Amino acid sequence: MLSERAKKIKPSPTMAITAKANEMKARGFDIIDFGVGEPDFDTAENIKEAGIKAIKDGFTKYTAVGGINELKDAIIEKFRRDNDLVYERSEILVSCGGKHSIFNLCMAMFNPGDEVIIPSPYWVSYPEMVSLAGADPVIPPSKEEFGFKITAGDVNEYITPATKAVIINSPSNPTGAVYTPEELKFIADVCLKKGVFIISDEIYEKLIYDNQPFVSIASFSEDVKKQTIVLNGVSKTYSMTGWRIGYAAGPKELIKAMTDIQSQSTSNPCSISQKAAVEALNGSQDAVERMVEEFAKRRNKIVGGLNAIKGIKCIMPKGAFYVFPNVRRLLNKRFGDKVIKTSTDFAEFLLDEAGVAVVPGDAFGGWNYIRLSYATSMENIEEGLKRIGDAVGKLE
Ligand SMILES: *Cc1c(COP(=O)(O)O)cnc(C)c1O
């Protein structure tokens, strides 16, 4: 019954662990959930009001496929204000979440036989979407010692005549790595020289700590901009994951192709959500600041707590809301008659024995790691750390 395409695709493993944790919660188990990939804050009141107003005003019909001009203009203004990038409406596409933007991009850009460089650990959807488009993911591993970042030299080494694009995700899901402007500049130079497109997923742009600057790789020069597609959205910055608004900015020709693909699949993103996203981008940014302050405190707490557990080593991430601790020293240990062989085994052990949900690093191409999201309360973080410590103490 199924197409070859459908047979190849893997369901999102991050969703799988959340589903299992939710099922256990529903059965009455008390689960501390570090699996979640969304902020635990509520969408701000002014944004909700804008959505309610859209409904009341009857703004509930089809819109232009690629997004209403009001939202495109808010996005253009955001790029100008935050990233020193100047785009026109024809260079912007609004889609049903950042994930949908990337999907449209893969469909519009890749042919069978194209290679796409995706540094690991990577966000789970990149290789799957690249494969769905018929292209081949090529995965250079990053090193923990280098903060889970690849270098321009790595990119250069992995480029072949078939390489179409490289995907950079900074700040990163799952590692929280943030590339410095200089590192990005070197990568951009290599891509320019070799004629490789840059796909820059900047969805965690605002979730960045220690007063580091955020610089969009597209902003280095007009030449780099022409060869870069920037992906962003309101999901993470504004706690709007359920509203489903993401956007892409890039060369007109590509944006048009992506828009045409969208026109034959989902049509426009939700009209109500578009109005809310206008308010998110144009309105007060105070809630974002408060969220970042709170995340920074939790980050310190969870990194300190994990490093205090024997066998776990966790570097301090620079952005997003994830930590990616190394658990290699706990693998091949025993719990009763079970051997914990992989990070997936370890995640299952934590869920079953400690009532703690984490995502195995295997899912992200980071075999000796687990991912914990600190988009949960300080209380939960403290309790979760205690439970992990107790459970790990039972391994022998
Ligand atoms: C969450 C996320 C996205 C997009 O999420 P949407 O909810 O679809 O907007 C894109 N890239 C990465 C790396 C993410 O973690």
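Here the structure is a predicted model, which means the values were calculated and not measured.

(A) A look at the pairing of strand β5 (residues 163-169). With six of seven residues buried, β5 lies mostly within the body of the structure. The pairing of strand β3 (residues 115-117) with β5 spans three bridges and is classified as parallel. Bridge pairing links Glu115 to Thr163 in β5. Examined bridge by bridge, β5 and strand β6 (residues 197-201) share five bridges and lie parallel to one another. Looking at β6, one finds that Ile167 is bridged to Ile199. Crossover connection from β5 via helix α8 (residues 181-194) to parallel β6: handedness right-handed.

(B) Representation of the pattern of salt bridges in the model. By the definition in use, this model includes 28 salt bridges. The residue Glu183 makes a salt bridge to Lys149 at a minimum N-O spacing of 3.0 Å. Taken together, the positions of Glu183 in helix α8 and Lys149 in the loop between β4 (136-138) and α7 (152-158) put the pair 34 residues apart, joining distant regions of the chain. Classification of Glu183 by relative accessible area gives partly exposed; the value is 26%. Judged by relative accessible area, which is 14%, Lys149 ranks as buried. Linked by salt bridges that have partners in common, Lys78, Arg81, Asp82, Glu205 and Lys206 make up one network.

(C) Geometry of the domain arrangement of the protein. Once the domains are mapped, the protein shows domain 1 (4-42 + 287-392) and domain 2 (45-282). One C-alpha centre belongs to domain 1, the other to domain 2; they are set 26 Å apart. Counting residues at the interface gives 37 residues for domain 1, matched by 32 residues for domain 2. Across the domain 1 to domain 2 interface the summed buried area is about 2,900 Å²; carbon plus sulfur atoms make up 59%. Counting across the domain 1 and domain 2 interface gives three salt bridges. Where Asp42 meets Lys48, a salt bridge forms, and the shortest distance between an N and an O atom there is 2.8 Å. When residues of the side of domain 1 that touches domain 2 are traced back to their parent elements, those giving at least two are α1 (4-8), α2 (13-26), α12 (286-307) and β9 (322-323). Of the residues forming the side of domain 1 that touches domain 2, the biggest block, six residues, is contributed by α12. Within the side of domain 1 that touches domain 2, the residues separate by chemical class into 21 nonpolar, seven polar and nine charged.

Conventions and cut-offs
- Residues numbered from 1 in each chain as written.
- Predicted model: local features only at pLDDT ≥ 70, side-chain atom pairs only at ≥ 80, totals over all residues.
- Heavy atoms only, no water.
- Buried < 20%, exposed > 50% of the residue type's maximum accessible area, 1.4 Å probe, protein only.
- Helix = DSSP H or I, 4+ residues; strand = E, 2+ residues; numbered from the N terminus.
- Pairing = 2+ DSSP bridges.
- Right-handed = clockwise from strand over helix to strand, strands pointing away.
- Salt bridge = Lys/Arg side-chain N within 4 Å of Asp/Glu carboxyl O.
- Domains from an automatic or database assignment.
- Contact = heavy atoms within 4.5 Å.
- Buried area = accessible area lost by both parts, 1.4 Å probe.
- Nonpolar A, V, L, I, M, F, W, Y, C, P; charged D, E, K, R; others polar.

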